[in-house]
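Coordinates in review
Single-letter residue listing:
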Amino acid sequence: YTTPSISTTTTYYVDATSNGCTTASRTSVAATINPLPTPSITGSSSVCANATATYSVTNVSGHTYTWTVSGGTIASGSGTSTITVTWGSGASGTVNVTEGITATGCTASATQVAVTINAIPSISGTTPSSRCGTGTVTLGATASAGTVNWYDASTGGTLLGTGTSYTTPSISTTTTYYVDATSNGCTTASRTAITATVN
């Protein structure tokens, strides 16, 4: 007997007849509906090129996880509820997971997250400058994308200003300033030095 479409465990009953005689009672037969897993991925949908990011599903004991990634590689955690992905330098990627319940053999359809991979900006040009004697100097820098940031140190230091030009305070000696760029939360790996020369 094939049941109609059912969504919950349902009990059916059978007896037998032969030569006009019927079993004294019916026997129960259960049609069991096992629950499907409901995978839902948490993790960033916007990342920087060549960066790593972590993705997880609810960790349920006795469940299995099969991950696939496009646009990057699984760095660790394959087959577990949490993975680390190292993204490439393309424009986009996806993270997919299929979740199964070991005890019942039920498997949920893959759940997919679309990921935007943001390019890391670079400093594409600099304009050092000079002056005679004490005073201000206007320096320039351009970036492949995003905002140019001006600092007083190659790492750390103080943010002095933003934009494609920066006018120094009054200086009496040659001074080096540093720039990087940020775009979509991604920052150039290192700062570029620009010199304000005082002759």
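Residue numbers here run from 1 along each chain, matching the order of that chain's written sequence. Predicted model: local features are reported for residues with pLDDT of at least 70 only, side-chain atom pairs are reported and counted for 80 or more only, and whole-chain, interface and lining totals are derived from all residues. To get the side-chain values, all heavy atoms of the structure are used, and hydrogens and water are removed first.

1. Notes on the overall build of the chain
In this description a helix means any DSSP run of H or I spanning at least four residues, a strand means any run of E spanning at least two, and both kinds are numbered starting from the N terminus. Helices and strands together make up the secondary structure of the chain, namely zero helices and 21 strands. Principal axes of the C-alpha set define a box for the chain whose edges measure 120 × 25 × 20 Å. Here the chain, with 199 residues, has 29% of them falling under the buried criterion. In the chain, 54% of the contacts between residues at least 6 apart in sequence involve partners at least 24 apart. Here the Shrake-Rupley method, with its probe set to 1.4 Å, supplies the accessible areas, and only the displayed protein chains count as covering residues. For the chain, the exposed surface amounts to about 11,100 Å²; the carbon and sulfur share of it is 49%. Burial classification: accessible surface area is computed with a 1.4 Å probe over protein chains only, and a residue below 20% of its type maximum counts as buried, one above 50% as exposed, and the rest as partly exposed. Should any heavy atoms of two residues lie within 4.5 Å, those residues are considered in contact.

2. A closer look at the state of the cysteines
Two cysteine sulfur atoms make up a disulfide if the distance between them is within 2.5 Å. If you walk through the whole model with that rule in mind, you get one disulfide. Covalent S-S linkage joins C48 and C186, the inter-sulfur distance amounting to 2.1 Å. Disulfide C48-C186: the torsion about the S-S bond is -105°, which places it as left-handed. Of the two residues, C48 sits in strand 5 (residues 46-48) while C186 sits in strand 20 (residues 186-187), which places them 138 residues apart along the sequence. Grouping residues by exposure puts C48 and C186 together as buried.

3. What about the sheet that holds strand 9 (residues 82-87)?
Two strands are said to pair when DSSP picks up at least two bridges between them. Here we have three strands laid out as an open sheet, ordered 6-9-8, and antiparallel in their pairing. Edge positions in the sheet fall to strand 6 (52-56) and strand 8 (72-76), since each of these pairs with one other strand and no more. When the angles between neighbouring strand axes are averaged without regard to direction, this sheet yields 35°. In terms of strand pairing, strand 8 meets strand 9 through four bridges, oriented antiparallel. Looking at strand 9, one finds that T73 is bridged to T86. For helices, the fitted axis covers only the stretch in contact; all axes are lines through C-alpha atoms, and the angles between them, taken along N-to-C directions, range from 0 to 180 degrees.

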